[in-house]
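Structure at a glance
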Amino acid sequence: MAKDVTLADIAAQVGVSAVAVSKALSGKPGVSEELRSRIKEAAAQMGYVPSVSVKPAVTGTGNIGVVVRERYYGYSITFYGQLYERVVRALYDNEYYGILELLTEEDERAGNLPKMVQDGKVDGLIFLGQMDESYILKMIRQTRCPVFFLDAYIPSARFDTVISDGYYGTYQLTDYLIKAGHKRIGFVGSVDATSSIADRFWGYRRALRENHIRFEEDWEIPDRDTQGATYEKLPVEAGKYDAYVCNCDVTAQVMIRSLEEAGSRVPEDVSVVGFDNFLPPGMESDKLTTYEVDLMRMAGICVRSLIKKIKNEPYVEGIQIVTGQLIERESVKRRI
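Worth saying up front: this structure is predicted, and the values here are computed from it rather than measured. Each residue is numbered by its place in its chain's sequence as written, counting from 1. Residue-level local features of this predicted model are given only where pLDDT is at least 70; pairs of side-chain atoms are given and counted only at 80 or more, and the full residue set underlies all totals for whole chains, interfaces and linings. Hydrogens are left out, water is left out, and the side-chain values use all remaining heavy atoms of the structure.

**A look at the pattern of salt bridges**
Our working definition: When a carboxyl oxygen of Asp or Glu is within 4 Å of a side-chain nitrogen of Lys or Arg, the pair counts as a salt bridge. Secondary structure elements follow DSSP: runs of H or I no shorter than four residues count as helices, runs of E no shorter than two count as strands, and numbering proceeds from the N terminus. Residue exposure (1.4 Å probe, protein chains only): buried if accessible area is under 20% of the type maximum, exposed if over 50%, otherwise partly exposed.
By the definition in use, this model includes 16 salt bridges. Between aspartate 160 and lysine 309 there is a salt bridge, with the nearest N and O atoms lying 2.7 Å from each other. Separated by 149 residues along the polypeptide, aspartate 160 in the loop between strand E4 (147-150) and strand E5 (161-164) and lysine 309 in helix H11 (residues 295-310) bring together distant segments of the chain. As a salt-bridge pair, arginine 206 and glutamate 210 come within 2.8 Å of each other at their nearest N and O atoms. Placement of the pair is arginine 206 and glutamate 210 together in helix H9 (residues 195-210), with a separation of 4 residues, close to one helical turn. Judged by its relative accessible area of 39%, glutamate 210 falls in the partly exposed class. Among the charged side chains, a network of salt bridges with common partners joins Asp218, Glu237 and Lys240.

**Remarks on the nonpolar core**
How we decide: Grouping buried Ala, Val, Leu, Ile, Met, Phe, Trp, Tyr and Cys residues that are joined through side-chain atoms within 4.5 Å yields what is termed a nonpolar core. Working rule for contacts: check all heavy atoms of both residues, and any pair within 4.5 Å makes them a contact.
Ranked by internal contacts, the top residues of the largest apolar core, which has 67 residues, are Val87, Leu128, Leu150, Tyr204, Tyr244 and Val272. When residues of this core are assigned to their parent elements, the largest contribution, 8 residues, is made by H11. Excluding anything up to four places from it in sequence, tyrosine 204 contacts Thr170, Tyr171, Thr174, Ile185, Gly186, Phe187, Phe215, Trp219 and Val245.

**Observations concerning the side chain of aspartate 165**
The criterion, for reference: All tallies of charge rest on Lys and Arg as positive and Asp and Glu as negative; His and the ends of each chain are not included.
Within the fold, aspartate 165 resides in the loop between E5 and helix H8 (166-179). No salt bridge forms around the buried aspartate 165; measuring N to O, its nearest opposite-charge neighbour arginine 206 is 8.7 Å away. Once residues within four sequence positions are removed from consideration, aspartate 165 is found in contact with Phe275, Tyr291, Ile321, Val322 and Thr323.

**Topic: the pairing of strand E8 (residues 243-246)**
Stated formally: Two strands make a pair as long as DSSP finds a minimum of two bridges between them.
Burial of the side chains of E8 extends over both faces: Ala243 and Val245 are buried on one face and Tyr244 and Cys246 on the other. In this sheet, E8 lies alongside strand E6 (residues 185-188) in parallel orientation, the contact comprising 4 bridges. Bridge pairing links valine 188 to cysteine 246 in E8. Of the strand pairs in this sheet, E8 and strand E9 (residues 271-273) are connected by 3 bridges, and their pairing is parallel. Paired with alanine 243 across the strands is serine 271, a residue of E9.

**Quick word on H9**
The line we're drawing: Take the residue count of a helix, subtract one, and multiply by 1.5 Å to get its expected span.
Here H9 spans 23 Å end to end across 16 residues, near enough to the 22 Å set by a 1.5 Å rise per residue. Taken as a whole, H9 has its buried residues at Ser195, Ile197, Ala198, Asp199, Arg200, Phe201, Gly203, Tyr204, Ala207 and Leu208. The inward-facing, buried residues of H9 abut E5, H8, E6, strand E7 (220-221) and E8. Following H9 by one or two positions, histidine 212 has its phi on the positive side, about 60°.

**What to know about the packing of helix H4 (residues 79-93) against H11**
Definition in use: Orientation is described by lines fitted to C-alpha atoms, with helices fitted over the stretch in contact, and by angles between N-to-C directions that extend from 0 to 180 degrees. Roughly parallel means an angle under 35 degrees; roughly antiparallel, over 145; roughly perpendicular, 65 to 115; everything else is oblique. Crossing chirality is assigned from the near helix's rotation relative to the far helix, an anticlockwise turn below a right angle marking it left-handed and a clockwise turn marking it right-handed. Under the scheme applied here, ten amino acids are nonpolar (Ala, Val, Leu, Ile, Met, Phe, Trp, Tyr, Cys and Pro), four are charged (Asp, Glu, Lys and Arg), and all others, including Gly, are polar.
Put simply, H4 and H11 touch, their axes get as near as 8 Å, and they point 50° apart. Classified by the angle their axes make, H4 and H11 are oblique. You can see that H4 and H11 cross each other, and the crossing is right-handed. Residues Phe79, Gln82, Leu83, Arg86, Val87, Ala90 and Leu91 of H4 form the contact with H11, whose own contacting residues are Leu295, Met296, Ala299, Gly300 and Val303. Tallied by class, the residues present in the contact of H4 with H11 amount to 9 nonpolar, 2 polar and 1 charged.

So this is what it looks like as structure tokens:
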């Protein structure tokens, strides 16, 4: 049916990008008249019908929309709240303004375009944080204005995104524990929950393999339910592990509390490391060995790349990976 024909379908037929198709069909500059004619002809032949409920994105508003899952956002007290603040600062430094829209579970399930896009109030969009794969794919195909993702990606699709180096960062943390004499190392994180947790898991596995440590299946310990909510308590077995690699600092704090409640001391009996170098107020962030994510650099790269995309200037397409650094604190004790 005609309604199923997307910009991506037309792009594949003509052999160009979805951005080029969007520009051609919306009358924007950036494509030749010959290409515009070919794209319009292909769209007509394929039965493409643009959605009447979505206004074409306007240019020159000076506004960038930032979309984040409602359940992820909590102002400055959450990781994504901190990342959003840095995005806003980077936008301001580049003479743009940020408009925040919280993505509800209902809109995500329905695949609804952000309202600010429907109303034509933004020049571009930043989707912040991991979202449902089908929603991401729909946004890539149907959003007419330029789009960037931040701290999110899916291996099955090519799109523009900026992520932290979860793979190498967790490799580095695990290797650090091994060189400190730890051999039985558990990974705490629900591997199938997000692509970033999966990256961190495989970085951990690589470090084990390169150090000739055999991974045991029960070393993989889930840290959240099917809705993405982190467990308030994690299972511990006295003496089973030398150390835990946790996929984020919040999970690391839950693990430390669970260990202490079970009578184990950190780091005297067991070592624990996290990831992000971010904890909400009230949690002891000054004792946890972790991998620091460079939020400001991630936000800056994302914003500058998106602005270039909006202006039809050359930019780095696809995945851009931002490295961080290992932060040594008091939650690891050498065993050798």
